[in-house]
Structure formats: structure tokens, C-alpha cells
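Observations on the model geometry
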Amino acid sequence: MKRSGTRAPRADASRNRRQLLEVATRVFASAEAEPSLREVAREAGVGIATLYRHFPTREDLVAAVYGDQVQRLTDGARRLLAELPPAEALRRWMDLFGGWVATKNGMLGTLLAMIESGEIAHARTHADLIAAIEEVLRAGDAAGELRGDVAAEDVAAGLIGIFTVAPLPEHGARAGRLLDVLMRGLRPEA
């Protein structure tokens with residue numbers, strides 16, 4: 001009897017893929033230059049063939065890490081907003097944003113080339129991140145915790161500026177202080 005459709009991945013294959021994504025994210029974040037795919041496979045404790053089975057090219061791995069991190073970041077805003085008061089949720093989300101920016105360290109060259117070629121829809125990512133910030137700002141305005149006259153684009157620009165001058169992880173304390181200053185500016189005047 002012939003089967004139709006595609007098979008679901010085996011449990012070990014799904015586990016290997018998740019592990020590769022987690023390790024690649026960590027390796028990219030800590031690298032000063034783009035690490036080799038062999039380094040990612042070695043850190044994940046799998047053979048290079050396993051990595052290539054899941055991610056046939058560097059671009060496939062970068063796109064998967066990037067997409068996973070964007071999803072975690074946008075989901076993180078909603079999760080934090082459900083668990084915390086809006087101002088606290090925004091401040092914690094800013095830390096997540098810093099981690100997201102830091103992930104780009106070891107994949108920046110590939111990522112920029114992919115954005116330029118259209119392989120990664122940067123406009124979609126931007127829209128998703130702005131929507132997440134807007135959601136938290138609206139909730140904060142409604143609760144009286146955040147100013148209602150601040151644009152999500154301005155918050156995003158502030159975050160990018162902070163993490164440009166105080167990149168993580170080496171400047172974590174400075175980034176934290178700058179994020180606290182930004183948060184003070186987002187609170188309504190007393």
C-alpha cells in the first residue's frame with residue numbers, strides 16, 4: 001500500500017533540529033566572526049552530515065536561527081504582557097531584544113547578504129517587531145504606566161542605538177543602565 005503525503009519527522013530528527021538551532025544561536029551570539037558549520041555541529045554533538053540534513057546551506061541555518069529568534073521575540077512580548085504589568089513587561093522585553101541583536105554577531109555577513117538579495121523578508125520582521133512594541137505600549141498607556149505619545153518606531157530606534165553602543169554580552173551593565181534611562185523617558189510625567 002502506497003502512502004500519500006509526507007511523513008512527520010522522527011522524534012530524534014526533531015530533537016536534533018531543535019538542538020542545532022539552540023546551539024547555532026548560542027555559537028552565533030558568542031562569535032566575533034562567522035563560525036564554521038563544522039563548529040556548530042561539533043558544539044551540538046552531532047556530525048556535519050546531520051547538520052547538512054537539516055540545513056543544507058549556511059543560508060538555511062541562518063534563516064532558521066533568524067526566524068526562530070524573531071518568533072521568540074514577538075511571542076515573548078505577548079507572554080511578558082500576560083504575566084507582568086506593561087512597563088515591567090516592556091523593560092524585560094528590551095533585554096530579550098538585546099539578546100536577539102547579540103545573536104547576529106556570528107551571522108551578520110550572511111544575514112545582510114540574504115536581506116539584500118531578498119531571501120529574508122526584513123520588512124516582515126520589522127513589521128512584526130513594531131507590532132509587538134505597539135501592543136505593549138498600548139497596554140502601558142491604557143494602564144497609565146507608559147506615555148501614549150511615543151511611537152513604537154522610536155522605541156525600536158532607541159533599542160538599536162543602545163545595543164550598538166553597548167553590545168551584549170561584553171557591555172551588559174552599560175546596556176542595562178541605558179535601557180533603564182530609556183524606560184524612565186517612556187513613563188508618563190508625574
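See above for the structure.
**Remarks on the overall build of the protein chain**
- A tally of regular secondary structure across the protein chain gives nine helices and zero strands.
- Its helices and strands in sequence order give the protein chain the pattern α-α-α-α-α-α-α-α-α, from N to C terminus.
- Oriented by its inertia axes, the alpha-carbon framework of the protein chain measures out at about 70 × 45 × 30 Å.
- A burial count over the protein chain gives 38% of its 190 residues as buried.
- A fraction of 67% describes how many contacts in the protein chain between residues 6 or more apart in sequence connect residues 24 or more apart.
- Of the accessible surface of the protein chain, which amounts to about 10,800 Å², a share of 52% is contributed by carbon and sulfur atoms.
- Mean positive and mean negative side-chain charge positions of the protein chain (25 and 26 charges, respectively) differ by 9 Å.

**As for the environment of Ala 131**
- In this structure, Ala 131 sits in helix H7 (residues 122–142).
- The sequence separation of Ala 131 and Val 155 amounts to 24 residues, and the corresponding C-alpha distance is 12 Å.

**Remarks on helix H6 (residues 108–117)**
- Among the residues of H6, Thr 110, Leu 111 and Met 114 are the ones counted as buried. Along H6, the residues classed as buried sweep out an arc of 100° about the axis, all on the same side.
- Looking one or two residues past H6, Gly 118 carries a phi angle of roughly 90°, positive in sign.

**Thoughts on the pattern of salt bridges**
- Overall, the coordinates contain 10 salt bridges when judged by the stated rule.
- Here Asp 128 makes a salt bridge to Arg 124, at a shortest N to O gap of 2.5 Å. Taken together, the residues Asp 128 and Arg 124, both in helix H7 and four residues apart, mark about one turn of the helix.
- On the accessibility criterion, Arg 124 (51% relative accessible area) is exposed.
- Between Arg 147 and Asp 149 there is a salt bridge, with the nearest N and O atoms lying 2.9 Å from each other.
- The class of Arg 147 is partly exposed, set by a relative accessible area of 29%.

**Things to note about the environment of Glu 135**
- Turning to its location among the elements, Glu 135 is positioned in helix H7.
- Residue Glu 135 is classed as partly exposed on the basis of its relative accessible area of 29%.
- Here Glu 135 is in contact with Arg 78 and Leu 81, once residues within four sequence places are set aside.

How each quantity is defined
Residues numbered from 1 in each chain as written. Predicted model: local features only at pLDDT ≥ 70, side-chain atom pairs only at ≥ 80, totals over all residues. Heavy atoms only, no water. Helix = DSSP H or I, 4+ residues; strand = E, 2+ residues; numbered from the N terminus. Buried < 20%, exposed > 50% of the residue type's maximum accessible area, 1.4 Å probe, protein only. Contact = heavy atoms within 4.5 Å. Areas by Shrake-Rupley, 256 points an atom, 1.4 Å probe, with all protein chains shown as cover. Lys, Arg positive; Asp, Glu negative; His and termini not counted. Charge placed at Lys NZ, Arg CZ, Asp CG, Glu CD. Arc of directions from axis to C-beta. Salt bridge = Lys/Arg side-chain N within 4 Å of Asp/Glu carboxyl O.

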